[in-house]
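Here is how the chains run, residue by residue.
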Amino acid sequence: MSCMKKNGNVQGALLTLGGGMCWGLSGSMGQYLFTHEGMDSRWLVPIRLGLAGVILLVYCMIRFGRNYTVKPLAEMEDRKQLLIYGLAGISLCQFLYFTTIQYSTAGAATILQDLSPIMILAVECVREKRKPGWLEIGAVILALAGIYLITTHGTGSLGISLFALFTGVLCAVCVTIYNCYPRKLLARYPVILLQGWSFLMGGIVFAFVFRIWEYHYVPSLMGLFGIAFVVVVGNVLAFTMYMEGVKRIGPGRGILYGFSEPVTAAVVSALVLDTPFQIGDLIGFACVFAMLVMISLSTEKDTHQTSHSRASR
């Protein structure tokens, strides 16, 4: 029995690592599409969301049946929560994440999004009417230090645009929204079903908001491959691997193995896309990882908080 448990833990760790790496590769591919293929996040994100939504909902219909797949749309209260969860949380998070990549780098965007555990912690403290513990206070200090080092490269001057910093932090706010707001919805339906509807809604809404038909952009063969890559690898494969891994090892450890996402994004960006990576960035990454360790230790028993925090990239 202990051998089976050990094997399950190893498999879970590898799946979680793989899911994080897929998200990191997807972010790096997004950076390539913006810098080398001339794409715009306002054009790419609606297409990515729409295609991913269709794929996930087809899968849900096969797995759960048509009646259960459309059930979140049947009741008014579920529809209202799904709109907030799907548009203000999931879809806006995706748009802000890729916008931050477009105006900075994949590594910086991912690290800024990783501020979300601190924001989620703040919401939980307010809800529970309690003060943060020493581990949690230390995590906040490390998070702020890490973000400072990564956004300034340790030089004291801002290394990314203020706009990218703003969209990156706002992206973390969106992660906090879809983690903390719709608890009844998350308790009633599988995350993959809610993700599917969120992606589809976001794709349709953003397509009309940004009027993507007016861009007249025609992607090259590499551009088409990149779009397919961010949809299949960045949405479907990454989500499936990460959530299966978290199911086996628990969300507390899952969030640590999920740190493979920003590491992968930073390494690929530095080696393939010639993005500068300095010693200040390395120290900043170490601070953010230490922050995640502290958050993981302080919330080990809270399986809700971390199990969804990376399910949107």
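This text follows the structure it describes.
Participant: So what's going on with a nonpolar patch on the surface? Residues and values would help.
Facilitator: There is a patch of nonpolar side chains on the surface, built from Tyr103, Phe163, Phe166, Leu170 and Val173 and spanning about 460 Å² of accessible area. Of all the elements, helix 8 (residues 162-180) adds the most residues to the nonpolar patch, at four residues. Among the secondary structure elements, Phe166 is positioned in helix 8. Exposure remark for Phe166: the relative accessible area of 52% places this residue in the exposed category.

Participant: Talk me through the packing of aromatic side chains; I want residue IDs and the actual numbers.
Facilitator: Summed over all chains, the structure comprises 11 aromatic pairs. Judged by centre distance (5.7 Å) and plane angle (35°), the ring pair of Phe206 and Phe210 falls under tilted. Pairing Phe208 with Trp213 gives two aromatic rings, centres 5.7 Å apart and planes at 70°, and the pair type is edge-to-face. According to the relative accessible area criterion, Trp213 is partly exposed, its value standing at 44%. Aromatic ring contacts, followed pair by pair, group Phe34, Tyr97 and Phe98 into a single cluster.

Participant: Give me the packing of helix 5 (residues 106-113) against helix 13 (residues 260-271): which residues, what numbers.
Facilitator: When two helices pack together, you describe them by how their axes are tilted relative to each other and by the distance separating the axes. Their axes nearest at 7 Å, the elements helix 5 and helix 13 cross at an angle of 165°. As far as their axial angle goes, helix 13 and helix 5 are roughly antiparallel. Relative to helix 13, the crossing made by helix 5 is left-handed. Counting all contacts with helix 5, which are made through Ala106, Gly107, Thr110 and Ile111, the residues of helix 13 involved are Glu261, Pro262, Ala265, Ala266 and Ser269. Residues that form the contact of helix 5 with helix 13 fall into these classes: five nonpolar, three polar and one charged.

Reading the values: the criteria
- Residues numbered from 1 in each chain as written.
- Predicted model: local features only at pLDDT ≥ 70, side-chain atom pairs only at ≥ 80, totals over all residues.
- Heavy atoms only, no water.
- Patch = residues over 30% accessible without salt bridge, like charges linked within 9 Å, V, L, I, M, F, W, Y side chains within 5 Å.
- Areas by Shrake-Rupley, 256 points an atom, 1.4 Å probe, with all protein chains shown as cover.
- Salt bridge = Lys/Arg side-chain N within 4 Å of Asp/Glu carboxyl O.
- Helix = DSSP H or I, 4+ residues; strand = E, 2+ residues; numbered from the N terminus.
- Buried < 20%, exposed > 50% of the residue type's maximum accessible area, 1.4 Å probe, protein only.
- Phe/Tyr/Trp six-rings, centres within 6.5 Å; stacked < 30°, edge-to-face > 60°.
- Axes fitted to C-alpha atoms, helices over the stretch in contact; angles between N-to-C directions.
- Parallel < 35°, antiparallel > 145°, perpendicular 65-115°, else oblique.
- Left-handed = near helix turned anticlockwise from the far one by under 90°.
- Contact = heavy atoms within 4.5 Å.
- Nonpolar A, V, L, I, M, F, W, Y, C, P; charged D, E, K, R; others polar.

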